[in-house]
Amino acid sequence: MTLEQLKALHNIVELGTIQAAADALHKTQPAISMAIKKLEQQYGFPLLDRSGYRLSLTPQGKIFYRQARGLLLSAEQLESVGKHLAQGHEAVFRIGYDPMCDSQFIIDTLASFQHQFPTTSFELIAGSRFSSLEQLNNDEVDVTFGAWFHLFHAIGDYLTLPVEEFEIVVVASPQFLAGKSINCLSDLHQQPTVTMIESSLSFDSEQMGAHSAKPLVKTKDAQTLKALLIAGMGTGFIPKSRILDELKQGLLQEIHLDDFEKSLVGEVRAIIKEDKVLGPVGQMFWERIKAINSPVN
């Protein structure tokens with residue numbers, strides 16, 4: 001049995017005649033007839049009912065053809081894989097992001113890439129605060145999204161694209177705040193704090209966003225941080241975009257301090273190492289991010 005024989009059978013079934021199948025496959029009618037005859041001889045039963053004007057499958061032929069269609073589809077997919085690999089498409093493309101970034105933006109961008117590059121596996125890797133640079137420096141990801149500050153230029157050479165702004169607010173649950181007076185930083189420092197685990201970068205430390213004199217509760221991801229805050233485990237700094245529904249529902253409440261900014265505003269950027277050579281998938285992904293965030297004239 002060969003793929004050519006199965007293709008001949010498929011075209012006969014779809015088009016109804018041997019001549020039509022021969023024309024579609026750019027072969028002679030005798031060649032198509034011989035292909036089917038060899039299949040029937042190999043398995044010992046007729047595949048086609050030749051008694052009518054239009055050829056049709058025998059009962060055995062219907063069962064055989066059902067399986068043959070699966071093989072033909074697999075062969076087409078394999079051929080597509082071969083073409084994509086021959087074009088140098090990456091086998092795996094890794095995307096990192098830290099808690100300041102809205103992962104839905106990345107997912108929406110990736111949705112079209114899954115269909116465009118079916119042979120590439122995509123890995124979406126979350127990390128702790130400022131993990132975007134750690135991920136790049138450790139070659140754990142190809143491109144990453146995260147909070148960006150100008151001091152990062154001193155850590156390494158990066159190319160960046162602006163994506164969105166983030167706003168950090170101080171919050172706690174109403175149950176936690178009940179009966180407490182938190183009006184300034186010194187009051188805040190006396191409260192239990194929920195915070196993100198610090199990165200290994202030189203400028204990051206436990207004191208960034210965590211000044212509690214009480215024991216800290218630490219977590220790696222923003223979703224768990226939100227859950228801990230709702231549970232009344234303490235006060236915490238968190239991206240406001242992550243808790244809009246919880247603020248509306250009254251599950252969390254902003255804390256406004258007299259001697260501290262109401263919120264901290266920063267920028268999320270897409271980041272790659274300047275010396276990183278992206279493959280075709282990575283290049284198109286980077287260009288897509290650039291196009292999405294380019295100002296419209």
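Residues numbered from 1 in each chain as written. Predicted model: local features only at pLDDT ≥ 70, side-chain atom pairs only at ≥ 80, totals over all residues. Heavy atoms only, no water.

Draft legend 1. Quick peek at the pairing of strand E11 (residues 264–273). Of the pairings in the sheet, the one linking strand E5 (residues 143–148) to E11 comprises five bridges and is antiparallel in character. Residue pairing across strands places Thr 144 opposite Ile 271, the latter belonging to E11. When strand E6 (residues 158–172) meets E11, the two strands line up antiparallel, connected through 10 bridges. By the bridge assignment for E11, Glu 164 is matched with Val 268. (Pairing = 2+ DSSP bridges. Helix = DSSP H or I, 4+ residues; strand = E, 2+ residues; numbered from the N terminus.)

Draft legend 2. Quick peek at unusual backbone geometry. The backbone phi angle of His 26 is positive, close to 60 degrees, even though this residue is not glycine. With respect to the element layout, His 26 can be found in the loop between helix H2 (18–25) and helix H3 (29–43). Given the relative accessible area of 75%, His 26 is considered exposed. Positive phi is not limited to glycine here, since Asp 139 has a value of about 55 degrees. Here Asp 139 is to be found in the loop between helix H6 (131–137) and E5. (Buried < 20%, exposed > 50% of the residue type's maximum accessible area, 1.4 Å probe, protein only.)

Draft legend 3. Layout of the pattern of salt bridges. Going through the model one piece at a time under the given rule, you end up with eight salt bridges. Two residues, Asp 142 and Arg 94, come together in a salt bridge whose shortest N-O distance is 3.1 Å. With Asp 142 in the loop between H6 and E5 and Arg 94 in strand E3 (residues 92–97), this residue pair connects regions lying 48 residues apart in the sequence. Note that Glu 254 and Lys 240 form a salt bridge whose closest N and O atoms lie 3.2 Å from each other. With Glu 254 in strand E10 (residues 253–254) and Lys 240 in the loop between strand E9 (236–239) and helix H10 (244–249), this pair connects stretches of sequence that are 14 residues apart. Judged by relative accessible area, which is 19%, Glu 254 ranks as buried. Through salt bridges that share partners, Arg 94, Asp 142 and Lys 276 make up one connected network. (Salt bridge = Lys/Arg side-chain N within 4 Å of Asp/Glu carboxyl O.)

Draft legend 4. Quick look at helix H11 (residues 280–292). Taking 1.5 Å of rise per residue, the 13 residues of H11 would be expected to cover 18 Å, and the 18 Å separating its terminal C-alpha atoms lies within 8% of that figure. Looking at H11, one finds that the buried residues are Val 281, Gly 282, Phe 285, Trp 286 and Ile 289. One side of H11 holds all its buried residues, which, seen down the axis, span an arc of 130 degrees. Those residues of H11 that are buried are in contact with E3, helix H5 (103–116), strand E4 (121–126), E5, E6 and E11. (Expected span 1.5 Å × (residues − 1). Arc of directions from axis to C-beta. Contact = heavy atoms within 4.5 Å.)

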